[in-house]
Structure formats: structure tokens, C-alpha cells
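For reference, the chains in residue letters:
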Amino acid sequence: MNAPLTSPAAAKLWPIPLEIDSLVRRFGQVTAVDGISLELRAGECFGLLGPNGAGKSTLIRCIVGRAIPDAGRVSVFGSQAGSVDARAALGWIPQELALYPRLTCKENLAAFGRYHGLSGDKLRESVAWCLDWAALADRAGDLEKNLSGGMKRRLNMAAGIIHRPRIVLMDEPTVGVDPQSRNRIFEMIEALRGEGAAIIYTTHYMEEAERLCDRVAIIDHGRIIALGSNEELIHGAFASRSQVMARFDGPPADVSSWVERHAGRLVDGSAEFTIDHSTQIAGLLDDAAKAGLELLDVTLRRPNLESVFLHLTGRELRD
Amino acid sequence: MALRRDRASLALSFILPIAFFSIFAVIFGGQHDSTPKIKVILVDEDKSSASLDLARGLEREDSLVVLTRPTSKNKAAQQPAEYTAATAEAAVKSGDAPVALIIPRGFGQNPISFGRDLGGPAIQLLNDSSDLIAPQMVAGLLQKAAMTAMPEVMAEQGMKYSEQYIGGFTPEQRKRSDAGLEELRKIQSGGAGSRSNAAGNGIIAVNSRAVVGENKRNPMVSFYAAAIGVMFLLFTASGSAGSLLDEAESGTLDRVLSSRVTMTALLAGKLAFNTLLAFTQLTVMFLWAWAVFKLDFFTHIPGFLVMGLCTAFAVAAFGMVLASLCHTRAQLGALSTLLILTMSAVGGSMFPRFLMPAVMQKAGLFTINAWAIDGFTKVFWRDLPVQDLWQQVSVLLAVGIALFIVARRIARRWEFA
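Cut-offs and rules
- Within every chain, residues take consecutive numbers counted from 1 along the sequence as written.
- Written order decides the labels, with chains lettered from A and ligands numbered from 1.
- Predicted model: local features are reported for residues with pLDDT of at least 70 only, side-chain atom pairs are reported and counted for 80 or more only, and whole-chain, interface and lining totals are derived from all residues.
- Here the contact rule is simple: place C-beta atoms from the backbone, and any two residues whose C-beta atoms are within 7 Å are in contact.
- Under the DSSP-based scheme used, a helix requires at least four consecutive residues in state H or I and a strand at least two consecutive residues in state E, with every element numbered from the N terminus.
- Residue polarity is assigned by list, with Asp, Glu, Lys and Arg as charged and Ala, Val, Leu, Ile, Met, Phe, Trp, Tyr, Cys and Pro as nonpolar; anything else, Gly included, falls into the polar class.
- These domain limits were set by an automatic method or by a database of domain assignments.
- Field definition: a residue is buried when 20 or more other C-beta atoms are found within 10 Å of its C-beta, exposed when 12 or fewer are, and partly exposed for counts in between, with C-beta atoms placed from the backbone.
- In short, DSSP must find at least two bridges between two strands for them to pair.
- Note on handedness: a clockwise path from strand one over the helix to strand two, with the strands aimed away from the viewer, defines a right-handed crossover.
- Axis angles are defined between N-to-C directions and span 0 to 180 degrees, where every axis is a line fitted to C-alpha atoms and, for a helix, only to the segment in contact.
- Reported orientations rely on four angle classes, namely roughly parallel under 35 degrees, roughly antiparallel over 145, roughly perpendicular from 65 to 115, and oblique for the rest.
- Handedness of a crossing follows from how the near helix is turned relative to the far one, being left-handed for an anticlockwise turn of less than a right angle and right-handed for a clockwise one.

1. A look at the interface of chain A and chain B
Across the boundary between the two partners, chain A contributes 19 residues, which contact 13 residues of chain B. Residue assignment for the side of chain A that touches chain B shows that the elements contributing at least two residues are α2 (56-64), α3 (84-89) and α4 (105-115) of chain A. By residue number, the principal contributor to the side of chain A that touches chain B is α3(A), which donates three residues. The residue inventory of the side of chain A that touches chain B, partitioned by class, reads twelve nonpolar, three polar and four charged.

Written out as C-alpha cells, the structure is:
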């Protein structure tokens with residue numbers, strides 16, 4: 001086993017691995033990141049949840065030093081983003097598959113290891129560890145271009161942590177992979193956390209943020225609109241309320257006007273209401289019957305991060 | 001559709017054939033107006049009125065540039081001494097001029113010769129055998145100059161020959177006349193075998209001698225190995241440098257630049273790799289020339305190493321500039337084809353520069369090809385030592401460094417998004 005990802009000495013010296021203060025990044029008239037501030041704590045997995053175009057990837061690029069902010073600052077263990085120390089401490093797993101198609105898995109990892117200054121036994125050990133971590137040891141000699149989509153994703157992740165960084169930035173690492181590969185990636189992330197790495201994980205999949213992240217920042221239009229643990233966010237938006245989803249058979253105009261009268265909303269043809277107590281369901285259904293709407297099915301559920309996003313923005317996360 | 005969106009490539013695909021056609025039109029079409037002038041070194045050891053007349057006649061020729069002394073680079077400095085037979089030969093060997101004429105002592109006493117052993121000492125024509133045209137042109141113009149520039153000598157010599165060959169037409173004279181005519185007939189039909197390939201072919205006896213390349217087994221191989229080699233090196237280097245574009249497109253470049261590697265280090269690494277790649281390619285080509293065309297490769301290793309590495313460096317840096325200028329592989333393909341074919345045409349990779357009009361010869365000096373070919377010619381053709389390559393080495397290294405700096409500046413666009 002290699003050296004632990006988080007050096008205790010470094011962590012003691014600088015307890016907050018990553019601090020972002022009032023960060024702004026504009027592209028012409030568009031403000032992609034609009035005054036974001038946050039802290040990443042040692043060993044935590046921090047989720048950046050937001051729809052496509054919310055500014056998550058730009059924020060990651062600012063952290064990794066690939067985009068120069070127009071205002072604000074990023075500090076990595078006290079070093080400025082883009083500095084040699086910051087680069088050494090960060091591992092970036094970009095959303096795109098940034099690999100060499102004509103190199104094998106092993107060669108790809110060795111190449112990125114060398115870019116990070118590894119050589120000799122240290123490089124060999126690190127490559128072997130990453131191949132094991134990504135469950136690619138038996139495909140070490142295969143060309144990247146011949147791997148399946150899920151394997152490429154895993155190799156892409158392994159290339160980002162080849163130098164055993166203390167902070168790992170994962171930009172939508174599960175985009176376009178099948179459920180089986182996604183589960184495999186989750187296991188890899190959990191193993192990485194077990195090694196002590198602090199992780200920033202961007203996604204627009206609510207389930208991933210709920211499963212993996214200790215805290216989540218919900219981002220929209222370049223701003224953090226809510227930040228906290230899953231429970232804190234849900235409680236902040238809904239307190240102890242629950243959500244009722246019901247589908248009715250009836251003229252759409254009648255359904256729509258009835259839903260509006262009861263302060264609900266239609267989402268994909270399903271009526272959605274927020275209620276304080278489950279006893280309110282009976283009243284709602286009774287009223288629907290009186291309005292001549294035939295109930296097809298009804299579901300009661302606890303609100304989730306998607307509900308929080310919808311509650312805060314009025315839009316679906318995947319819009 | 002993809003080509004339509006990539007307007008730069010679309011434009012280049014139309015510009016390329018027009019540009020290339022225009023270059024060849026200038027090189028070949030322009031020769032009607034401006035025949036390439038041939039530099040000829042003239043050494044007059046005789047200083048007789050006949051030799052002076054002949055020198056003046058040669059100087060009047062539009063197609064010749066007659067040099068009697070080395071060109072002084074510093075106008076304020078004292079004029080250099082006139083060429084001697086030895087310095088003229090050295091100058092031809094070092095490529096200052098393709099031909100030297102040496103008018104020997106005693107030439108004026110008997111300048112015109114019909115047949116062997118009848119004239120005075122023959123004019124020495126020293127030539128560089130890589131230039132097949134210049135010595136023949138000079139030999140022809142020499143005869144022309146003799147005909148037009150020395151009328152009194154011609155008359156005097158004619159009388160001499162009349163007296164010698166005709167006399168009073170006695171039987172003895174008839175016999176001698178017949179013998180003379182027979183001799184002339186032999187000369188006309190080329191039967192008067194002589195080592196000197198031009199002797200007896202005109203009214204002035206000329207002994208030609210190749211002072212460069214006379215012992216070469218395959219004279220033009222070294223020229224073409226360098227000429228074609230440099231052209232393909234340019235293509236390889238630009239193609240190889242195109243990996244930058246692939247990396248930028250795939251996101252790998254971003255990822256690399258997020259590691260410890262800086263843009264300068266990345267470009268320097270690529271430059272080093274592409275230099276080695278180009279040098280290896282050149283080595284393989286010269287080894288092929290040695291194996292198949294009997295090029296004297298192994299006797300010129302130091303010169304080859306110096307010229308090969310300098311050329312590979314300049315060419316690799318050129319490829320880096322092209323790759324950093326372009327946004328897509330298609331653009332790179334079109335731009336590199338345009339520039340490399342242009343440079344190769346002007347710089348002598350397709351057509352020897354000494355056969356081009358003077359303007360094009362000067363334009364060639366703005367290409368890597370010309371300097372590289374000149375350097376390799378010095379090594380393999382003129383057998384010059386490594387220290388004589390300083391000019392080519394300096395230019396190629398300076399060009400390489402300058403191009404790398406330009407590439408680095410242009411590559412700033414990739415540095416930060």
C-alpha cells in the first residue's frame with residue numbers, strides 16, 4: 001500500500017484542505033461562477049449538485065488552476081490555485097475522457113504519473129495500485145480505445161489520482177455509464193474516501209449526491225442557492241413535510257386547474273403536493289373525487305434533494 | 001459540412017493550388033526575363049592584351065558575373081587581393097562560385113588554337129560538378145567572347161594559320177592544307193580525344209577540371225538525400241506536432257497542464273522528441289542512400305551529426321509553430337502542405353537553387369530547406385570540415401529558437417480557459 005492520501009502533518013498544519021472565497025468567473029456577458037464561497041473539510045465528500053450549465057465544471061476548472069477567476073480566491077492547503085503545491089495536492093478527474101486512445105491502460109497511467117513527477121518504483125507501485133483500484137489489473141495491457149465505456153471511465157478516474165492527491169475533484173464521473181459500472185465507480189469512490197482523500201463531486205444526479213456526499217451545495221446560475229448535509233437541506237426546504245404524488249384520469253385542463261387550486265404542481269403528468277401530515281392525503285383525494293377526477297395511483301414520499309432543487313428554483317434538476 | 005464549418009481549411013484548400021502554381025510560374029516562367037547569372041572567377045595570369053580583351057569580353061556578358069577578387073563584406077575595409085589559381089580553386093571548392101577560369105601565362109602569344117598542339121597554353125576551367133550547366137555555359141561564352149572580343153587577334157592568328165596551312169599552294173602546301181583540314185574535320189566530328197572535355201571544341205583551347213565531386217561515385221545522391229529529406233522532415237514534424245491539437249481536442253492537454261507540467265516544459269518536451277524523430281528519419285534516409293546509392297556516409301559522420309541535428313531542431317520548431325497556429329487537424333494539414341511545398345520549391349528541395357532566377361535564389365534564403373541543403377552539400381559534396389558549417393548551423397539554430405519562442409507565445413491560448 002502506498003502512502004496515505006492525506007498527510008497527517010499537512011492536515012494538522014492546514015486543517016481546511018480547500019477554501020473558496022467569493023469566486024467569480026465570467027465568459028463575456030455570461031457569469032458562469034457568481035461569487036461562490038465554500039470550504040472543503042478534511043476527509044469529506046462534498047457534492048456540487050446542479051443542472052447542466054449551472055457552473056459546476058467552471059468552478060472545478062478554477063480550483064484546478066485551468067481557469068483564471070475574475071475575482072475571488074481559491075486556496076489549496078494554503079497555496080494559491082495553479083501553484084506547484086496546489087497542483088500536487090489536487091487530483092482532477094475531468095468530465096470528458098481525457099486519455100490517450102493508442103496507449104494501454106498501464107501506459108496511460110504511467111504517462112500521467114510522470115506528468116505528476118513520479119518515476120521508478122514509486123511510479124510502478126502507483127500504477128499497480130490504480131489498476132487494482134479501478135479493477136483494471138486484468139486489462140492493464142489493453143489499449144484504451146478497446147475498453148468498454150465503463151472501463152474508460154474508471155481508467156479516467158485512475159489517471160486523476162495516480163499521484164495520490166489529498167483532494168480529488170470529480171467532475172460528473174458517471175456520465176454515460178451503465179448502472180453496473182456506476183455502482184463499481186461508487187465503490188471506488190468509497191475506497192478512496194477510506195484512504196482519507198477529501199473529494200469534491202459534481203453531479204446532476206440527486207441519487208449520487210445523496211449516496212456519496214456528506215454535504216451538498218446546490219448550484220444554479222453560478223450561485224450556491226443552498227448548502228448543507230442532505231438532511232439539513234431537506235429540512236430547510238420542507239421541515240417535516242412530505243410530498244404526495246397522484247395521477248388522475250380526466251380532462252387535462254380539469255386536472256391542471258384542480259391541482260393549482262390545491263397549491264400543487266404538475267410534473268410529467270403527475271400532480272405533486274407538499275403536505276404537513278399524512279392525514280391530509282384523505283382530504284385531497286376526497287376533494288379530487290368530488291371534482292370528478294378518477295384517481296389512478298397515489299404515492300407518499302419524503303422530499304429529496306431533487307425536491308429541494310425544485311422547491312428552490314421551480315425547475316427540475318435535469319432541465 | 002464539416003469542411004464548410006472549418007472556414008480556414010476551406011479557404012486553404014483553394015489557396016493551396018493557386019499559391020503553388022504561382023510559385024512554380026515565378027521560378028520557371030520568370031526565367032524568360034531573368035536568366036540566372038552564373039558567377040565565374042577569373043584569374044588572368046597572363047595580363048597580355050589578348051587576355052585582357054578576353055576578360056573584358058566575358059565581363060560584357062549579361063549572363064555572367066565575373067569575379068576577379070573575393071567580395072568584400074565590409075565596404076570600408078581594404079579590397080581583398082585578386083584571386084590566384086590556388087585561391088580560385090579553393091573558392092570553387094567552398095562553393096563561392098561554380099566555375100573558375102584561369103588564363104595561364106603565355107596565353108597571349110598564341111591565343112587561338114585550331115587543333116591540338118598548335119595554340120598556346122590552354123585556359124583552365126575549374127568547375128564544381130554538382131552544377132552541370134554552369135561550366136558548359138561558361139565554356140560556350142568563352143568561345144563567344146573570343147570571337148567577338150579579340151578581332152585583331154583573330155585576324156593575326158588567321159594569317160598565321162593561313163601561312164601555316166596554305167602557304168603558296170605548292171604540292172607540299174596542299175599536303176599540309178589537306179592534313180590541317182583533316183585535323184579540323186576530326187575535331188568537328190569529336191575524334192580528337194582528349195582528357196580535357198572542352199579542349200579543341202572552339203577557337204580557344206580549354207582544359208576543364210572538376211575540382212569538387214570529381215571522385216564522387218554518385219554525384220547528385222547527397223544533394224537529393226538532403227533536399228528530399230528536409231522536405232519530408234518538415235511534413236513529419238508538422239504532423240507530429242499536430243499531437244498538440246489532438247490533445248487539446250480530447251482534453252488531455254488540459255489534464256496535463258493541471259499536473260506539474262507547464263506549457264513551456266510540455267512544448268520543450270515535444271520539441272525534443274520531434275527533433276529526435278526528425279533526426280532518426282534523416283539518418284535512416286542517409287543510410288538508405290549509403291546502402292543503395294553508394295553515398296559516402298560513414299566518412300562524413302561528424303558533419304552529418306551537426307547538420308542533421310540542427311536541421312531536425314529547426315524543422316521540429318517549425319512544426320510546433322504550425323500546430324500552435326491551427327485550431328484543427330484539417331487546418332494544420334492544409335497550412336503545412338501550403339507552406340512546406342512552398343518552402344521546398346523555393347528552398348531547392350525540388351529544383352536546385354543555382355538554376356533559379358537570382359530573386360528566387362535570394363528568396364530561398366528565407367527557408368529552412370535552403371540552409372539545410374547548403375550545409376549537407378558542404379559536408380557530403382565539398383568535403384568541408386565541421387567548422388565550415390558555422391553559417392548554416394547558426395542560422396538553423398537561430399531559426400529553431402525563434403520559432404520555438406513564437407510557438408510558445410501562440411500556445412498561450414491553451415494555457416488558461
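2. Thoughts on the domain arrangement of chain B
Residues and elements named next belong to chain B. Once the domains are mapped, chain B shows domain 1 (2-29 + 217-415) and domain 2 (36-212). At the junction of the two partners, domain 1 supplies eleven residues and domain 2 supplies eleven residues. Partitioned by chemical class, the residues of the side of domain 1 that touches domain 2 number nine nonpolar, no polar and two charged.

3. Let's talk about the pairing of strand β8 (residues 198-203) of chain A
Residue and element names in this part refer to chain A. With six of six residues buried, β8 is to be regarded as a mostly interior element. The alternating pattern of β8 places Ala198, Ile200 and Thr202 on one face and Ile199, Tyr201 and Thr203 on the opposite face, and all of these are buried. Pairing geometry for strand β3 (residues 45-49) and β8, over five bridges, is parallel. Residue pairing across strands places leucine 48 opposite threonine 202, the latter belonging to β8. As judged from the five bridges shared by strand β7 (residues 167-171) and β8, these two strands associate in the parallel manner. Bridging across to β8, isoleucine 167 finds its partner in alanine 198. Note that the unit made of β7, helix α7 (residues 179-194) and β8 has a crossover that is right-handed.

4. Here's the deal with the domain arrangement of chain A
Assigned domains within chain A: domain 1 (8-234) and domain 2 (242-302). Look at where the C-alpha atoms of domain 1 of chain A and domain 2 of chain A centre, and you get two points 41 Å apart.

5. Looking at the environment of A:Arg193
Residue and element names in this part refer to chain A. Along the chain, the position of arginine 193 falls in helix α7. With 19 residues separating them along the chain, arginine 193 and leucine 212 place their C-alpha atoms 9.8 Å apart. Sequence-distant contacts of arginine 193, that is, excluding residues within four places in its chain, are made with Cys45 and Ile199.

6. Considering the sheet that holds strand β1 (residues 18-27) of chain A
Residues and elements named next belong to chain A. Read across the open sheet, the four strands follow the order β2-β1-β4-β5; overall the sheet is antiparallel. Here the strands that pair on one side only, and so sit at the sheet edges, are β2 (30-40) and β5 (79-80). Of the strand pairs in this sheet, β1 and strand β4 (residues 71-76) are connected by five bridges, and their pairing is antiparallel. Bridged to glutamate 19 within β4 is serine 75.

7. Thoughts on the packing of helix α8 (residues 221-241) of chain B against helix α15 (residues 368-380) of chain B
Residue and element names in this part refer to chain B. One way to put it is that α8 packs onto α15 with a least axis distance of 9 Å and a crossing angle of 150°. Classified by the angle their axes make, α8 and α15 are roughly antiparallel. In terms of crossing hand, the pair formed by α8 and α15 is right-handed. Here Ser222, Phe223, Ala226, Ala227, Val230 and Met231 of α8 come into contact with α15, specifically with Ile368, Asn369, Ala372, Ile373, Phe376, Thr377 and Phe380. Per-class residue counts for the contact of α8 with α15 are ten nonpolar, three polar and no charged.

8. Thoughts on the sheet that holds strand β10 (residues 223-228) of chain A
All names here are of chain A. Read from one edge of the open sheet, six strands run β6-β7-β8-β3-β9-β10, paired in mixed fashion. Since the sheet does not close on itself, it has two edges, and those belong to β6 (90-93) and β10, each with one partner. With direction set aside, neighbouring strand axes in the sheet form an average angle of 15°. Where strand β9 (residues 215-220) lies against β10, five bridges are found, and the strand directions are antiparallel. Counted as the bridge partner of alanine 217 is leucine 227 from β10. Across the sheet, α2 lies against β3, β6, β7, β8 and β9, angled at about 150° from β7, the strand it touches most.

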